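# Architecture at a glance
Okay, here's what each chain looks like letter by letter:
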Amino acid sequence: MKKRKKGKQSGFLTKLKTNKELLCLSLPGAVWFLLFAYLPLFGILVAFKKYRLSGGFFESLIESEFVGFDNFKFLFSSGDAWIIVRNTILYNAVFIILGVVLPVIVALLLNELRNKGMAKVYQSSMFLPYFLSWVVVSYCVFAFLNPEKGYFNSVIQQFGGEGVSWYTEKSVWPFIIIFMSQWKGIGYNTVVYLASICGINKTYYEAAVIDGATKWQQIKYITLPLLKPVITILLIMAVGGIFKSDFGLFFQLPKDSGPLYPVTNVLDTYIFRALKTNGEIGMSSAAALFQSTVGFVMIMGANKLVSKIDNENALF
């Protein structure tokens, strides 16, 4: 037994010596995860307490009253809870679908451009909106939708029509939100898929051309099948955010307009408005824990489903 233990220890030390360069390279990342991902997990306890500051964080955490699942009740206590959950899920479902379809199409089109210089110009111009904050974007949109001096109302009035009060018109905002979301994010997603396309071995296409394959056949039978692993992984990760929303998109873009709440109020904006009123830290933590738990379950479920259909393309 002692010889086996010594053998195992020596084998472990040998592996450490062999991989010491890789271990040194991974050390900063491991420290970062320890400090900013694992240690903060103690904060989960805040979701189950009526947190009150009475000194340091740990002192306050220990002395705060334990309330169990009471902090989670406010998420579903509102009469608009169904509308909020519906909006969150439906918007994210559309974002997930369009977030795959549109970037893949644009990446395929960019890859087919013969003028690579212009392709880089198009790629950069589409990538630029990704770096703009929703505050900046909301003011750009306001310049078009301003009820008094906005560009759209000016054009409508020039043709003899009446101006539209865009920030009280509920019917148009689902389309505006979806359009602006894709406009802002399509550049980043396109770069991911374009990089994957550029990594495909060119000999596949050369062989297809020799066999007389058309451009569409090359895309259908070579490009898309080889993009399938990347699409699947990104899709699984996106499903994990089904209960989370881009706060700036739903709060800044419609200018927090009350008449638009039925179509713009999602889980994140509801939590913000509710907590702005009562200031309960425990409720905020409960909401974040609920979203993270649902996201974890969705990722595990989606990965399990993918592994049953095509195990090679599963995330893990």
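Our subject is the structure that appears above.
Treat the numbers as computed from the prediction; the structure is a model and nothing was measured.

### What to know about the layout of surface pockets
Roughly 770 Å³ of volume is contained in the largest pocket. Mapped by element, the contributors of at least two residues to the lining of the largest pocket are α5 (81-112), α9 (173-198) and α11 (215-239). In terms of residues, the lining of the largest pocket owes the most to one element, α9, which gives nine residues. When its residues are assigned to classes, the lining of the largest pocket shows 14 nonpolar, eight polar and three charged. The calculated volume of the second largest pocket comes to roughly 280 Å³. Taken together, Leu132, Val136, Val137, Cys140, Val141, Phe144, Leu145, Phe152, Ile176, Phe179, Met180 and Trp183 make up the lining of the second largest pocket.

### Quick look at the packing of helix α4 (residues 70-77) against helix α15 (residues 281-309)
Running from amino to carboxyl end, α4 crosses α15 at an angle of 75°, the nearest separation of the two axes being 8 Å. In terms of axis orientation, α4 runs roughly perpendicular to α15. Residues Asn71, Phe72, Phe74, Leu75 and Phe76 of α4 lie in contact with α15, whose contacting residues are Gly282, Met283, Ala286, Ala287, Leu289 and Phe290. Considered class by class, the residues forming the contact of α4 with α15 number nine nonpolar, two polar and no charged.

### A closer look at the pattern of salt bridges
Throughout the structure, instances matching the rule amount to four salt bridges. Its salt-bridge partner being Lys73, residue Asp70 comes within 3.3 Å of it at the nearest N-O pair. Placement of the pair is Asp70 and Lys73 together in helix α4, with a separation of three residues, close to one helical turn. The closest approach of N and O atoms between Asp310 and Lys228, which form a salt bridge, is 3.5 Å.

### A word on the packing of aromatic side chains
Applying the stated rule across the entire model yields 23 aromatic pairs. Through a chain of ring-to-ring contacts, three or more aromatic side chains come together here, namely Phe127, Tyr130, Phe131 and Tyr188. Above the ring of Tyr130, the side-chain terminus of Lys184 is found at 5.9 Å from the ring centroid. The side chain of Lys255 reaches across the aromatic face of Phe142, ending 5.4 Å from its centre.

Reading the values: the criteria
- Every residue gets a number counted from 1 within its own chain, in the order that chain's sequence is written.
- Where local features are concerned, this predicted model is filtered to residues with pLDDT of at least 70; where side-chain atom pairs are given and counted, the filter is 80 or more; whole-chain, interface and lining totals use all residues.
- The side-chain numbers reported here are obtained from all heavy atoms of the structure, hydrogens and water having been left aside.
- Cavities and pockets were defined on a 1 Å grid built from protein atoms only: a cavity is a group of points that admits a 1.4 Å probe but offers it no way out, a pocket is an open group of points flanked by protein on both sides within 12 Å along at least five of seven lines, and a lining residue is one with an atom within 4 Å of any such point.
- Grid points are joined across faces, edges and corners, and a volume is the space filled by probe spheres set on the points.
- Segments assigned H or I by DSSP are reported as helices when at least four residues long, segments assigned E as strands when at least two residues long, and all are numbered from the N terminus.
- Three classes are used: nonpolar for Ala, Val, Leu, Ile, Met, Phe, Trp, Tyr, Cys and Pro, charged for Asp, Glu, Lys and Arg, and polar for all others, with Gly counted as polar.
- Under this scheme, a helix contributes an axis fitted over its contacting stretch, all axes are lines through C-alpha atoms, and angles between N-to-C directions fall in the 0 to 180 degree range.
- Reported orientations rely on four angle classes, namely roughly parallel under 35 degrees, roughly antiparallel over 145, roughly perpendicular from 65 to 115, and oblique for the rest.
- Contacts are residue-level and defined by heavy atoms, with any inter-residue pair within 4.5 Å sufficient.
- Any Lys or Arg side-chain nitrogen located within 4 Å of an Asp or Glu carboxyl oxygen qualifies as a salt bridge.
- Two aromatic rings from Phe, Tyr or Trp, using only the six-membered ring of Trp, form a pair when their centres are within 6.5 Å; if the ring planes differ by under 30 degrees the pair is stacked, by over 60 it is edge-to-face, and anything between is tilted.
- By definition here, charges over rings are those cases where NZ of Lys or CZ of Arg is within 6 Å of the ring centre and within 35 degrees of the ring normal.

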